[in-house]
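# Working through the structure, step by step
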Amino acid sequence: MIKLGDYNHLTVVKSVDFGVYLDGGDEGEILMPSRYVPRGCKVGDKLEVFVYLDQDERPVATTETPLAKVGDFAYLEVAWINEYGAFLNWGLMKDLFCPFREQKMRMQKGNGYIVYVKEDEESHRLMATAKVDKYLSRERPAYKHGDEVQLLVWQKTDLGFKVIVDNMFQGLIFDNQIFRELHTGDKLTGYIDHIRDDGKIDITVQRTGRQLTEEFSNILLNYLHDNGGYCELGDKSPSELIADRFKVSKKVYKKAIGDLYRRRLICISDDGIHLAI
């Protein structure tokens, strides 16, 4: 069975002047236009292709890689708008439709939005919806503290940034855990800090515990070697200066200083820290 709006492994059954036809099973033969046909492709070859709908709502195959597939949350930019809705650039020849009823606010050409890609239950057409909340999992996550996850930055709040975790759950990075500029649509690696009683996830963008201390200790040690054996930032320096220089919290910085001091690799003075002679 063909997975519409997703990747499929299909066999070439016919070659024509304008492309090749692939075996779509119950869907019949599916055209892949010649511009996408790999060099040397012949009847009998099995290809990994993305299947979506062309302008006439017929299945068509491509070897292009879209920015998202059905079931994905993604940050997509509006290419154009008509009287029915917005059309989003998702990396394919035909733009992805987001009808007005699926928009939380009227989309504007050139702006980007977090959307969920789906197959419409009634028409079976592929479309995007900006009402992403209803497609996030309500199940309690099974993560453990410190687990690595992939994040899509969703939106700014008074507390920090909402993120979509592993294309499935809602999470939050608190402002005091952010040591770099974040923008809606950014993709980054994060770490589980805490699972709340209501199942919501608190995220940190840095590893937690001893592993983080060891990693940053090495970074700080290399910094000292590259900067004449000295850093003016000590354990009493403002957290803003530490975050700006090293992109870590003051707590992490102080732990690294303590770690290097106990290993007798640095000396601590009123004017900062020095490599031990």
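Going by the structure above, here's the rest.
Description of the structure in this document. (Residues numbered from 1 in each chain as written. Predicted model: local features only at pLDDT ≥ 70, side-chain atom pairs only at ≥ 80, totals over all residues. Heavy atoms only, no water.)

## So, the packing of aromatic side chains
Each aromatic ring pair is summarised here by two numbers: the centre-to-centre distance and the angle between the ring planes. Taken as a whole and judged by the stated rule, the model has 14 aromatic pairs. Geometrically, the ring pair formed by Y52 and W90 is edge-to-face, given 6.1 Å between the ring centres and 85° between the ring planes. Of the two residues, Y52 sits in strand β4 (residues 46–53) while W90 sits in the loop between β7 (85–89) and β8 (96–99), which places them 38 residues apart along the sequence. Judged on exposure class, the residue Y52 and its partner W90 are both buried. With 6.0 Å between their ring centres and 55° between their planes, F216 and Y253 make a pair best called tilted. With a gap of 37 residues between them, F216 in helix α1 (residues 209–226) and Y253 in helix α3 (residues 250–262) connect regions that are remote in the sequence. In terms of burial, F216 and Y253 fall into one category: buried. Cluster of aromatic residues (ring-pair linked, three or more members): Y7, F50, Y52 and W90. Taking the ring centre of F100 as reference, the NZ or CZ of R106 above it sits at 3.8 Å. (Phe/Tyr/Trp six-rings, centres within 6.5 Å; stacked < 30°, edge-to-face > 60°. Helix = DSSP H or I, 4+ residues; strand = E, 2+ residues; numbered from the N terminus. Buried < 20%, exposed > 50% of the residue type's maximum accessible area, 1.4 Å probe, protein only. Lys NZ or Arg CZ within 6 Å of the ring centre and 35° of its normal.)

## A look at unusual backbone geometry
One non-glycine residue, D166, lies in the positive phi region at around 50°. One can find D166 in the loop between β12 (160–165) and β13 (169–174). Take D166: its relative accessible area is 29%, and that puts it in the partly exposed class. The residue R264 is not glycine, and still its phi comes out positive at about 60°. Residue position: R264 is located in the loop between α3 and β17 (266–269). By relative accessible area, which is 73% here, R264 ends up exposed.

## Regarding the pairing of strand β14 (residues 187–195)
Where strand β11 (residues 148–156) lies against β14, five bridges are found, and the strand directions are antiparallel. Of the residues in β14, the one forming a bridge with L152 is K187. Pairing between β14 and strand β15 (residues 201–204): four bridges, direction antiparallel. Paired with I192 across the bridge in β15 is I203. Linking β14 to β15, which pair antiparallel, is a turn of five residues; within it G199 sits at a positive phi near 90°. (Pairing = 2+ DSSP bridges.)

## Some points on the pattern of salt bridges
Inspection of the entire model under this criterion finds 17 salt bridges. Note that K144 and D147 form a salt bridge whose closest N and O atoms lie 3.8 Å from each other. A relative accessible area of 22% means that D147 is categorised as partly exposed. In this structure, the salt-bridge partner of D202 is R196, at a minimum N-O distance of 3.0 Å. Residue classification places R196 among the partly exposed positions, given a relative accessible area of 25%. Among the charged side chains, a salt-bridge network with shared partners connects R101, E102, K118 and D120. (Salt bridge = Lys/Arg side-chain N within 4 Å of Asp/Glu carboxyl O.)

## Focus on the nonpolar core
Formed by 35 residues in total, the largest nonpolar core has its most connected members in L22, L88, W90 and M107. By residue number, the principal contributor to this core is β4, which donates six residues. Not counting the four nearest positions on each side in its chain, L88 is found in contact with L76, E77, V78, A79, D95, L96, C98, M107, V115 and A128. Judged by nonpolar contacts, the second largest core, of 17 residues, contains L151, V163, I178 and I192. (Core = buried A, V, L, I, M, F, W, Y, C linked by side-chain atoms within 4.5 Å. Contact = heavy atoms within 4.5 Å.)

## Let's talk about the pairing of β11
Bridge count between β11 and β12: five bridges; the pairing is antiparallel. Note that in β12 the partner of K156 across the bridge is F161.

## Examining α3
Three or four residues apart is the spacing at which side chains of an α-helix point the same way, because the helix has 3.6 residues per turn. Taking 1.5 Å of rise per residue, 13 residues should cover 18 Å, and α3 covers 18 Å from first to last C-alpha, within 8% of that figure. Every buried residue belonging to α3 is among V252, Y253, A256, I257, G258, D259 and L260, and all of these are buried. R264 sits one or two positions beyond α3 and adopts a positive phi of about 60°. (Expected span 1.5 Å × (residues − 1).)

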